[in-house]
Amino acid sequence: MANNFIQANAAVNAAAEAVGALCNSGTINIYDGTQPSTADTAVSSQTLLAVCTFGSTAFGSASAGVIMANAITKDSSANATGTASWFRVLESDGSTTVFDGSVGTSDADCIVATTSVVSAAEFSITLMTYTQPKS
């Protein structure tokens, strides 16, 4: 039984790291409003508040299917004023969606100091994680 756990953990780690690699030099678009039901659902009435950028190696190594982002470049001039509630990660091509997640000051996929975004002000991300589902 322990051998199956090791294999399953290796599989989720490999999958998480593959997702992380898709994010290299990609962007994190921060939105207000309700997060779409899937990352394949187009953004509709939500407002793009800010855009932050991953480095050339977006995430570190996985542990138990979880990867943590390396340093993320802040948005030096936010696009709009609003309350950040979710994000969409795009590959470096700027159009291919990788995944969506929640934004908050705690207990979220993307941790920020404040969810209040002000147009033309700086906006930064404190911490971002991605968790690969195990099934």
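Bear in mind that the values here come from a model prediction, so they are computed numbers and not experimental data. (Residues numbered from 1 in each chain as written. Predicted model: local features only at pLDDT ≥ 70, side-chain atom pairs only at ≥ 80, totals over all residues. Heavy atoms only, no water.)

Draft legend 1. Structural view of the overall build of the protein. Within the protein one finds 1 helix and 10 strands. Computed over the C-alpha atoms, the radius of gyration of the protein is 15 Å, within 12% of the 14 Å expected from 2.2 N^0.38 for a compact globule of 135 residues. Summarising its shape, the C-alpha atoms of the protein cover approximately 55 × 30 × 30 Å along the three principal directions. Per-residue burial for the protein yields a buried fraction of 39% across its 135 residues. (Helix = DSSP H or I, 4+ residues; strand = E, 2+ residues; numbered from the N terminus. Rg over C-alpha atoms; globule rule 2.2 N^0.38 Å. Buried < 20%, exposed > 50% of the residue type's maximum accessible area, 1.4 Å probe, protein only.)

Draft legend 2. Molecular detail of the environment of threonine 96. Among the structural elements, threonine 96 can be located in the loop between strand 6 (86–90) and strand 7 (97–104). On the accessibility criterion, threonine 96 (30% relative accessible area) is partly exposed. Setting aside its immediate chain neighbours within four residues, threonine 96 contacts Val89, Leu90 and Glu91. For threonine 96, the side chain forms a polar contact with the side chain of aspartate 93, separated by 2.5 Å. (Contact = heavy atoms within 4.5 Å. Polar contact = N/O pair within 3.5 Å; in protein donor to acceptor, adjacent residues only side chain to side chain.)

Draft legend 3. Structural view of unusual backbone geometry. The backbone of serine 25 shows a phi angle near 60°, a positive value even though the residue is not glycine. Inspection of the secondary structure assignment puts serine 25 in the loop between helix 1 (2–22) and strand 1 (27–31). Residue serine 25 is classed as partly exposed on the basis of its relative accessible area of 37%.

Draft legend 4. Geometry of the nonpolar core. Ile28, Ile30, Phe54, Phe59, Ile125 and Met128 are the most contacted members of the largest nonpolar core, which has 30 residues in total. The set of elements that each furnish at least two residues to this core consists of helix 1, strand 1, strand 2 (48–54), strand 6, strand 7 and strand 10 (127–131). With 4 residues, strand 2 is the single largest residue contributor to this core. (Core = buried A, V, L, I, M, F, W, Y, C linked by side-chain atoms within 4.5 Å.)

Draft legend 5. Spatial organisation of the sheet that holds strand 6. Read across the sheet, 8 strands follow the order 3-10-8-7-6-1-2-4 without closing on themselves; strand pairing throughout is mixed. The open sheet terminates on both sides in strands that have one partner only, identified here as strand 3 (66–68) and strand 4 (72–73). Of the strand pairs in this sheet, strand 1 and strand 6 are connected by 5 bridges, and their pairing is antiparallel. Residue pairing for strand 6: tyrosine 31 is matched across the bridge by tryptophan 86. (Pairing = 2+ DSSP bridges.)

Draft legend 6. Seen up close, the packing of aromatic side chains. A complete count under the given rule lists 4 aromatic pairs for this structure. A ring pair is formed by tyrosine 31 and tryptophan 86, whose centres lie 4.6 Å apart and whose planes are at 15°; its orientation type is stacked. In this pair, tyrosine 31 sits in strand 1 while tryptophan 86 sits in strand 6, placing the two residues 55 residues apart along the sequence. Like tryptophan 86, tyrosine 31 is buried. Here the aromatic rings of phenylalanine 99 and tyrosine 130 are separated by 4.7 Å at their centres, their planes lie at 50°, and the arrangement is tilted. Of this pair, phenylalanine 99 sits in strand 7 while tyrosine 130 sits in strand 10, placing them 31 residues apart in sequence. Comparing phenylalanine 99 with tyrosine 130 shows no difference in burial state: the two are buried. Among the aromatic side chains, those forming a connected cluster through ring pairs are Phe87, Phe99 and Tyr130. (Phe/Tyr/Trp six-rings, centres within 6.5 Å; stacked < 30°, edge-to-face > 60°.)

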